[in-house]
Every structure is written in structure tokens, then in C-alpha cells.
Amino acid sequence: MELPSPEQTPSLDELWRSLLPLGFHRASGGYRRFAWNKADLACRAWFTAQAADRGLTVRTDRNGNQWAWWGERLPGKALAIGSHLDSVPDGGAYDGPLGVVSSFAAVDLLREAGWKPERPVAIANFADEEGARFGVACAGSRLLTGQLEPDRARALTDDSGVTLAAAMEAAGQDPDVIGRDDELLGRIGQYVELHIEQGRALVDVGRAVGVATSIWPHGRWRFEFGGEANHAGTTRLEDRRDPMLTYAYTVLAARKKAAAHGALATFGRILVEPNGTNAIPSKVSAWLDSRAPDEATLTALLAELEEAARERAGRDGASLSVVNESLTPIVEFDHALRDRLAKTLDEAPVLPTGAGHDAGILAGRIPTAMLFVRNPTGVSHSPAEHAEIADCRAGVHALARAVSELAGGSARLGAAW
Ligand SMILES: [Zn+2]
């Protein structure tokens, strides 16, 4: 038994064609599919229709995640594949949907080859992965695994004052039953999420598909630089206590230290007081997002940066306080699963990522893995996000081979293509 060649993934085109218009925002050229909004509901209906077309049983779990089952009654724990269909504001077409579309196309490909699973296979559409509307990323998988308190989730509120509970209820989903679901998790043996790469590592190694090793630890810090407001026209330079200078130095130092550590550091948000063109600022608040290959590096980077900023603050007559607002530890994907997939996929390159995913949340409970599809520019969370169709087809093939390897027992497919 062998898979048809990569060019022959006919259902991929039709899947894309039917999904692309949903939630598309003409003026921005991006997508506005936010948890439980009209566009998201249209995507969920699309998921149900695609599953029905294929004779897959759709079940929505207590937390609003959708599951399309192939061979639900087969013995053993299920292999889950899939991703999410919601987007960031004006997001691209691929982040999330590529994994769901590829999952349906992979099932089609396997059936075309006459392959049958020996244990259940489930395609998942995780609810509210981006957290664009209610502020908590991966809400569906966090609720499922017990990493988000149901009471806290129900009270999350969007910009127009609508709670998550009300939004779920309006969509016909009972918010009273959300929360950790060990019964469902107990039925799933592994989860493999295919996702567009959010970076350019695959471009550098010249491969269409890679396997994830880990999600970098990441955190957010608030830097507050204090000084003295004064007149921009009458205060002599040597008399100033200007926190903007300390801030500017810190931005450059963060960049320099991130490069030295092989890490990332970004100041992307800043508040200035009093924020007047002709006033020396009294205060600059700035938020740092930093990510590194391991926690020790992240800690070292922050310590060095804070020390450098403090030294500079002394020279500027400014004050400095640094508060850690969030810290997410490293997620290591299951090593055995990762190695098995890399081997199955012709020694696919293994690479880390700086972005969070549902697979990272589930990794704490079940073995998970991720497949990345090459992104020629590395741009993501933007209308410019793109993947070549040939690479998408290669992704479908890789996923089909992964499914046949993991859910096939002895019935594995050859890789002649
Ligand atoms: Zn995503």
C-alpha cells in the first residue's frame, strides 16, 4: 500500500476554497475569526460539514473543542491530529487552519490509498486558541487539561463587555459544564499538530516539513523608569533627570544581550508620562517580551539587562523597577514521539519554536508532537503570512505518513513518493 504522489492531494484545494472566505476582512486583507463570533461559528459549521461529508462523527466536548472521529469504536486510545480555526486580529490564512485542513486532506489521502486505522483517529478544532477576544490564549485546551479555572474562564470579558460564559451560551454551548475533562483526555493517546512555521528555520535548511523539539520558555516584564518632569526648553541638559534616556539605552542593551545569548527580546509597548512634546518625561513604563532556548539563558539575560539598565539609570538620575508579569516554562515535546516522526519523515529537521500552541498545553498530560510547514518569509500573525501550495501538499503527505505510522499498527504505508 502506498500513498499517491504529493501532487495528488485533490481535496486540499477544495478544503481551502471553502474555508478561505469565512471571516475574511476585505479592508485589512486578514482574518477576524475570534472565539464564538459569527466568523468563528461559520468556521465551526464548516468543520462539522467537512466531517459529515467524510462520514466522521463530530462531537463537541464540554469546553467547546470540536472532534471529528474516524473509527471511534476501534480499540485503544485515539491518535488526535488537528489545530485551531480562530485567528488573531487581521491574522493570516494559515496559522491554525492549515493544521485542520491538512488533517481532513490526510484522511482523504489515506482512504484513497485503501488504508484503515487500527485505533481511533480524531481531528480536533481547539476553541479559542489565540485568545484574541477574551485575552487567554489556548483557552479550550487549558480548560480541557485543567490549566484554566472554570470560574475565571466564565468571567473573562471581551472589549464590549460580553463574558465568555454569555458568548458560549449564545452559541448553544453550556458554560456551566466547562472544566477539566479527564474522561476525554483518557481516550487520547497522542496529539500531533501540524502548523505553519512562525519563523524561517525550514527555509535555512531547505526542507518543506520539520518536527518541533520544544517551545521556548518566555515571559513578560514591566520596566518602570522614573525621572522628573520639566520644561524641554528651559532645563539645562546637565540638570535633567530624563527616564527616556535610560529607556532608550535599555532597548538597545536588550537587543545586544539577546543576540549574544541566542535569545529574543522585544520592547513593543510603552507608556510615557506626561507624554508632552515639550516636556521631559516623569515616567516611562515599558513592557519587555523575552524568549530563550532554555530557562537559565532567559534568567541570565534578564539579570544582565536589569543590571545594565540600573547602571545607566544611575548616570541619568533616574529610578528603575522591574516586575515580572508572566513566565511560562519550557515545553519539551515527547522525545520518543518526536524522534519517531522525524525518522518516519525521512530524517525531517527538528527545530524549536518561540510561539505557544495547544500542543504545548496538552504536552503536560499526553505525548504531543508538532509538524511545521515551511513559511518562506517567516511572517505570521499578519495578512502576509504564506505557505507555498507545494509545501502544503508535502505537509498533508507528512501528516498522512505520521498517522499511518502511529495509528496503523502493522498497516504502515510505504513512502515511495
Ligand atoms: Zn496557531
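Structure first, text after, so check above.
What counts and what doesn't
- In every chain, residue numbers begin from 1 and rise along the written sequence.
- Residue-level local features of this predicted model are given only where pLDDT is at least 70; pairs of side-chain atoms are given and counted only at 80 or more, and the full residue set underlies all totals for whole chains, interfaces and linings.
- Note: side-chain values were computed over all heavy atoms of the structure, leaving out hydrogens and water.
- Runs of H or I in DSSP of at least four residues are treated as helices and runs of E of at least two as strands, each being numbered from the N terminus.
- Computation of the radius of gyration draws on C-alpha atoms alone. For the globule rule, the value is 2.2 Å times the number of residues to the power 0.38.
- Partly exposed residues are those whose accessible area sits between 20% and 50% of the maximum for their type, while under 20% is buried and over 50% is exposed, using a 1.4 Å probe and protein chains only.
- Note on definitions: a residue-residue contact is assigned when non-hydrogen atoms from the two residues lie within 4.5 Å.
- Using a 1.4 Å probe, the Shrake-Rupley method yields the accessible areas, and only the shown protein chains count as cover for residues.
- Listed donors are limited to N, O and S atoms within 2.8 Å of the metal, widened to 3.2 Å for Na, K and Ca; water is not among them, so incomplete-looking sites are possible.
- In this description, a nonpolar core means a group of buried Ala, Val, Leu, Ile, Met, Phe, Trp, Tyr and Cys residues linked to one another through side-chain atoms lying within 4.5 Å.
- Stacked, tilted and edge-to-face pairs are distinguished by plane angle, under 30 degrees for stacked and over 60 for edge-to-face with tilted covering the rest, among Phe, Tyr and Trp rings (Trp via its six-membered ring) whose centres lie within 6.5 Å.
- Distance and angle both matter: a charge sits over a ring if NZ of Lys or CZ of Arg is within 6 Å of the ring centre and within 35 degrees of the ring normal.
- Take the number of residues in a helix, subtract one, and multiply by 1.5 Å to get its expected span.
- For two strands to pair, DSSP has to find at least two bridges joining them.

J.: I tried to follow the overall build of the protein chain on my own but got confused; where do I start?
T.: Tallying secondary structure elements over the protein chain gives 13 helices and 17 strands in all. Its C-alpha atoms give the protein chain a radius of gyration of 24 Å, within 12% of the compact-globule value 22 Å for 417 residues. The principal-axis extent of the C-alpha atoms belonging to the protein chain is close to 80 × 45 × 40 Å. Buried residues in the protein chain amount to 53% of all 417 residues. For the protein chain, the share of sequence-separated contacts (at least 6 apart) that also reach a separation of at least 24 residues comes to 78%. In the form shown here, the protein chain has an accessible surface area of approximately 17700 Å², with 51% of it arising from carbon and sulfur atoms.

J.: Got a minute to help me understand the coordination of the zinc ion in this structure?
T.: Angles at a metal have ideal values that depend on geometry: 109.5 degrees with four tetrahedral donors, 90 or 180 degrees with six octahedral donors. On the protein side, the zinc ion has H84 (NE2), D95 (OD) and H195 (NE2) as donor atoms, found 2.0 to 2.2 Å from it. Donor residues binding the zinc ion come from one chain and are separated in sequence as H-x10-D-x99-H. Of this pair, D95 sits in the loop between β5 (78-84) and α3 (97-112) while H195 sits in strand β7 (residues 188-196); the two residues are 100 residues apart in sequence, bridging distant segments of the chain. Overall, H195 belongs to the buried group, its relative accessible area being 0%.

J.: Would you mind showing me how to read the nonpolar core here?
T.: The nonpolar side chains of a soluble globular protein tend to be buried, and buried together. Core analysis: the biggest nonpolar cluster contains 54 residues, and W46, F104, V192, L341 and L371 have the highest contact counts within it. The greatest single-element share of this core, amounting to 10 residues, is contributed by helix α13 (residues 389-407). Apart from residues no more than four positions distant in its own chain, W46 is found in contact with L15, S18, L19, L22, L85, V100, V101 and F104. Membership of the second largest hydrophobic core comes to 23 residues, among which are W67, L185, L202 and I215.

J.: What is the right way to read the packing of aromatic side chains from this model?
T.: Each aromatic ring pair is summarised here by two numbers: the centre-to-centre distance and the angle between the ring planes. One pass over the structure, following the stated rule, counts 11 aromatic pairs. Centre to centre, the rings of W67 and F126 are 5.5 Å apart; their planes meet at 80°, and the pair counts as edge-to-face. Residue W67 is found in strand β4 (residues 66-70), and its partner F126 is found in strand β6 (residues 121-126); the two are separated by 59 residues along the sequence. W67 sits in the buried class, given a relative accessible area of 2%. A residue is classified by how much of its surface remains accessible, and F126, at 1% relative accessible area, is buried. Relative to F267, the ring of F223 lies with its centre 5.4 Å away and its plane at 80°, an arrangement referred to as edge-to-face. Here the residue F223 occupies a position in strand β9 (residues 218-226), and F267 occupies one in strand β11 (residues 264-273), the gap between them amounting to 44 residues. For F267, a relative accessible area of 15% gives the class buried. Among the aromatic side chains, those forming a connected cluster through ring pairs are F223, F225, Y247 and F267. R269 extends its terminal NZ or CZ atom over the ring of W287, reaching a point 3.8 Å from the ring centre.

J.: Quick question: what am I supposed to make of unusual backbone geometry here?
T.: If a residue is not glycine, its phi is most likely negative; likewise, a peptide bond is most likely trans. Looking along the chain, the bond that leaves E273 and enters P274 is cis, with omega of -5°. Not every positive phi belongs to a glycine, and C138 is a case in point at roughly 60°. Along the chain, C138 falls in the loop between β6 and α4 (139-145). The phi torsion at D346 lies on the positive side, around 55°, for a residue other than glycine. By the secondary structure assignment, D346 is in the loop between α11 (335-344) and β16 (350-353).

J.: Would you mind going over α3 with me for this structure?
T.: Every α-helix winds through 3.6 residues per turn, so residues three or four apart in the chain are directed the same way. For α3, with 16 residues, the first-to-last C-alpha span of 22 Å sits near the 22 Å given by 1.5 Å per residue. Within α3, 14 of the 16 residues are buried, which leaves the element mostly enclosed by the surrounding structure. Among the residues trailing α3, G114 stands out with phi positive, at a value near 80°.

J.: Just checking my understanding: could you explain the pairing of β7 for this structure?
T.: A large share of β7 lies buried, amounting to 9 of its 9 residues. Pairing of β5 with β7 involves 5 bridges; the strand directions are parallel. If you follow L79 over to β7, its bridge partner there is Q190. Sheet topology note: the β7/strand β17 (residues 368-373) ladder contains 6 bridges and is parallel.

That's the geometry; what it means functionally is another story.
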